Each structure stands twice: as structure tokens, then as C-alpha cells.
Amino acid sequence: MLKQLFEERPGDGALGMVGLQRRSATLVVMLATLMVVLDLGLVNIALPTLATALEVSESRAVWVATSYQLVCAASLLSFAALSHLMGQWRVFSCGLVLYTLGALGASLAMGLGWLLFWRVVQGLGGAAILSLGPSLYRKIFPHRLLGHAIGLNALVVAFGLASGPSLGGVVLSMASWHWIFALNVPVGLVAIWLAWRSLPYESWRRTGFDWPGALLSMLMMSGFLLAMERLGHGQSHTLIIGLAVLSLLAFAAFVWRQGRAPAPLVPLSLFAEPRFTSASVVTVLAFIAQGAAFVALPFLYQTLMNASPLQAALLFTPWPMALLISGPLAGRLADKYDPALLSAGGLVLFVIGMAGLAWLSSAGSAAYLLLPSLLCGLGYGFFQAPNNREIIGYAPLALSASASGVLASLRTFGQCQGSAMVALIMALPFGSVSLALWLAAAVALAALLVSVLRLSQPARVVAS
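Residues numbered from 1 in each chain as written. Predicted model: local features only at pLDDT ≥ 70, side-chain atom pairs only at ≥ 80, totals over all residues. Heavy atoms only, no water.

Participant: What exactly am I supposed to notice about the packing of aromatic side chains here?
Facilitator: Two aromatic rings are characterised by how far apart their centres lie and by the angle between their planes. Considering all chains together, one arrives at nine aromatic pairs under this definition. Measuring from ring centre to ring centre gives 6.0 Å for Trp 319 and Phe 350, while their planes differ by 75°; the resulting arrangement is edge-to-face. Linking Trp 319 in helix 15 (residues 318-334) with Phe 350 in helix 16 (residues 339-360), this pair joins segments that are 31 residues apart in sequence. Residue Trp 319 is classed as buried on the basis of its relative accessible area of 1%. Phe 350 gets classed as buried once you look at its relative accessible area, which sits at 0%. Here a set of aromatic residues connected by ring pairs shows up, and it is made of Phe 287, Trp 319, Phe 350, Tyr 380 and Phe 383. (Phe/Tyr/Trp six-rings, centres within 6.5 Å; stacked < 30°, edge-to-face > 60°. Helix = DSSP H or I, 4+ residues; strand = E, 2+ residues; numbered from the N terminus. Buried < 20%, exposed > 50% of the residue type's maximum accessible area, 1.4 Å probe, protein only.)

Right, dumping it as C-alpha cells:
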């Protein structure tokens, strides 16, 4: 795969990068993406240790993860839009600086207050990295290799998901919680150095920035995520409804503003391309299903099947390991064949796997769940890389940063919606893990139906 990814043809210099610069820039995006993806697994597994070490309740310690996620999600669209003014390489590099600085501060924090402050700084850096990472591949690679690059990105994400909890467990068994954050500092410094040397330079542009739109996007995302977080903790229904209403009102005002702003955060012209819009809808639905499964399966393994945390981690491993194989392969195929067709095929496997998990959840033996979990990983890899290629590839090059920000926001929204769906079902008198998995399978089926309908929409060739 790497040989094909870095092969050069005449004219590549006019469409992307060549030689050592392409390799260095790719390494920057990979390192930055890996740091951010690893964060969730590393920090989540350290929360009980943090609560004990800082002498705070577990509910307060959870904010070490929640504060980062809230700030990151609320800032995604703003950083994507800011890149139109400052240039993608500056915003991405500043994101690396913020993330590394936040990691250093968190590793030295002596109390919960300072730890939360540095996590907010990390969240801002993570937002800049996640919102621009995929779009940078449009700058680094010619269009004929875009699917290969996005497949490589899927490989990095899958590795981060698979290794995060295990790496966190190893670190905590050998050192204090401070090293959970300190690990990112040397990696971040290397990525910063490489970024300033290799990322494509862009001059400042004389464009405005949609400050009202940025504020509305922050209210929209943070209000929704807070509502979902409170729902998962069984908080007052009045508070949850109030936050949800605030989020909906902010969303309506945001859409209205984007149609009238001189320099909108999200140009609505992006959604004039039917394939882009369909791929966006499929992304939300698929990530709802995945987010629900990621929350429900630990309960299934540990609560109903009495597996230890380590055993539960091993039982979950087939999903990301299969993704390691199918993601890069699907990315390569998406450069030759219709990405929508590959996505639909992947979703068929994903739906079968999800239905298998739901059906066998009451079997009483975790061994029966290994094959469905493997199918979920294979299917999701064949869905995600081609689908992401459609979202990034069908956007005009000038709007690739906006498309990347939309992709990151849709992914975050879907994952949080899936988590909230499981929390709501488990809180019902008749709720169960099995019901949550069946509902997740139904959402995956809806994603498949939308993806099949997308096949009837005309595909167009997008210039690099």
C-alpha cells in the first residue's frame, strides 16, 4: 500500500506533493490523528485512577474526558472556517502546538481545576487537528490517490481505537496517571517540527470570519452534547429539555446565518451536490449505530457475561482489528470503483454483524459474539473509507477544509447520539442491552437504505 501511495507520475507536482515532502506531510497528519484518537481510550481507562489520586468523586473525574470532548466538538466548524483565512497549515500547526501544550500542562497538573483547564486547551488543539486532517490529504496527494490516503487514515484510527485502552492500562500499571498525558509531549514536538517543514504553505487571505456563525455552532454542538451527557447520568428532565431546545434553536439560527453570511462557516453550496449530502446522512446514521454498539458491548460483556475489564477488551478486539484490514483495502478500491457501491457493500456486512450481535446477546457465551464483531469491523471499514472519500472528494478543493469540518462534526454528533440512545433505552423499565443492539442494527439498516438510494444519483468527476 505504501509503495502505491508514494508512487509518482508526471504532473503530480501540480496536483499534490512529491518526494520527501509528501512522506513528511503524511507522517505529520498520521501522528496528529493518532494522538487525538488515542486520547479517548487513554483518558477513559484512567478516570477511576484520577478520581482516587485527586480525591474527587468519579462523577467529577468524568469531566476530565467530558470537558475535552465538549470543547473539541464545539470548535470543529470554527477551526475549519478559520483555515480559509489563515491557511490550513497554520491552523493545523497551531492545533498541534495547543494539543502538545495542553498535554504538558495536564501532565504537570496538581489538582482537578488545573487539569480541566489544560484539557480545554487540548480540546481546542484536537478540534483543529480533527477538522483539517482529512482535507490536508487533498493538498498532499493527487486526486487519483485520495482513496489510498483516506484508507491509510482509517488504518491509523483503527489502530488508535484498538490500542488506546490497552496502552493506558500498561502505562497505569507502571507509572502514575501523569504519564497518560506526558506520552503525547515528545510525539507532539516531533509532529510540530515536521509540520513547519513539510505542510503546504498558504498565504493569508483577505476573507472575513463568521463570528456569529461560530458562536451559534458552539451553542449548537455544546448544548446537544451537554444534553446527551446529562441524559446518560439521569439528570433532571427539565435541564435536558432546556439544553436540547437551546441546541435546536441554535441550529436553526446557524442554518439561517450560513445562507446570508459573506464568509459562512459552512457554505450551503456544499450540499447542492447530491452525493455529498447523501454521504453526510449515511455518516450520521452509521456513527449512531457504531456509537451505540461501543457503549452497549462493554455492558454486555462485563455486566451480563461477567467478563473482567481485560477480558472485555480482548472480546472487543476483533472489531478494530478487522477495521485495520478492511479500511486501507477499501480506500485503495475507492480510487478505482464507485465509492458509493463499496460503502453499500460494507454496510451490508455491518448490518449483518449488528443483527448478529443483537440476536446472540442473550446466548450466554461471549464466544458466539466474536464472528458478528468481526463482521462489524470488516463492514465498517469497507463503508467508512469510501464514504469519507466521497465527502472529501466531492467537495471543491477550495471548500475541502469546510467538508472536513462537516465530516468531523457529523461523526461526533452521531457517536454522541448513539451513546445517548443506549443510555435512554437502559433507563426504560423494559430496557436492555439486547434492545439497544437491535435498535442500533435498525439504524445501520437505515444507513444502508440511504446508501443504496445514493447509487441512483449521478457521480461526477472532481478535478484535483
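Participant: It is not clear to me how the environment of His 178 should be interpreted in this structure. Could you clarify?
Facilitator: Relative to the helices and strands, His 178 resides in helix 9 (residues 178-182). For the pair His 178 and Ala 103, spaced 75 residues apart in sequence, the C-alpha separation works out to 9.5 Å. Non-local contacts of His 178, meaning those with residues more than four positions away in its chain, are made with Ser 107 and Ala 109. At 3.0 Å, the side chain of His 178 forms a polar contact with the side chain of Ser 176. (Contact = heavy atoms within 4.5 Å. Polar contact = N/O pair within 3.5 Å; in protein donor to acceptor, adjacent residues only side chain to side chain.)

Participant: I'm lost on the pattern of salt bridges in this one. Help?
Facilitator: A pair can form between side chains of opposite charge whenever their charged atoms are brought close. In total, this model carries five salt bridges according to the counting rule given. Where Asp 39 meets Arg 119, a salt bridge forms, and the shortest distance between an N and an O atom there is 2.8 Å. Within this pair, whereas Asp 39 is found in helix 3 (residues 19-54), its partner Arg 119 is found in helix 7 (residues 112-140), the two being separated by 80 residues in sequence. Here Asp 39 matches Arg 119 in class, with each residue buried. We note a salt bridge from Arg 454 to Glu 390, for which the minimum N-O separation is 2.9 Å. Of this pair, Arg 454 sits in helix 19 (residues 433-454) while Glu 390 sits in helix 17 (residues 370-393), and the two are 64 residues apart along the sequence. A relative accessible area of 0% places Glu 390 in the buried class. Salt bridges here are not isolated pairs; linked through shared partners, they connect Arg 275, Asp 338, Glu 390 and Arg 454. (Salt bridge = Lys/Arg side-chain N within 4 Å of Asp/Glu carboxyl O.)

Limitation: the analysis is restricted to geometry and does not speak to function.
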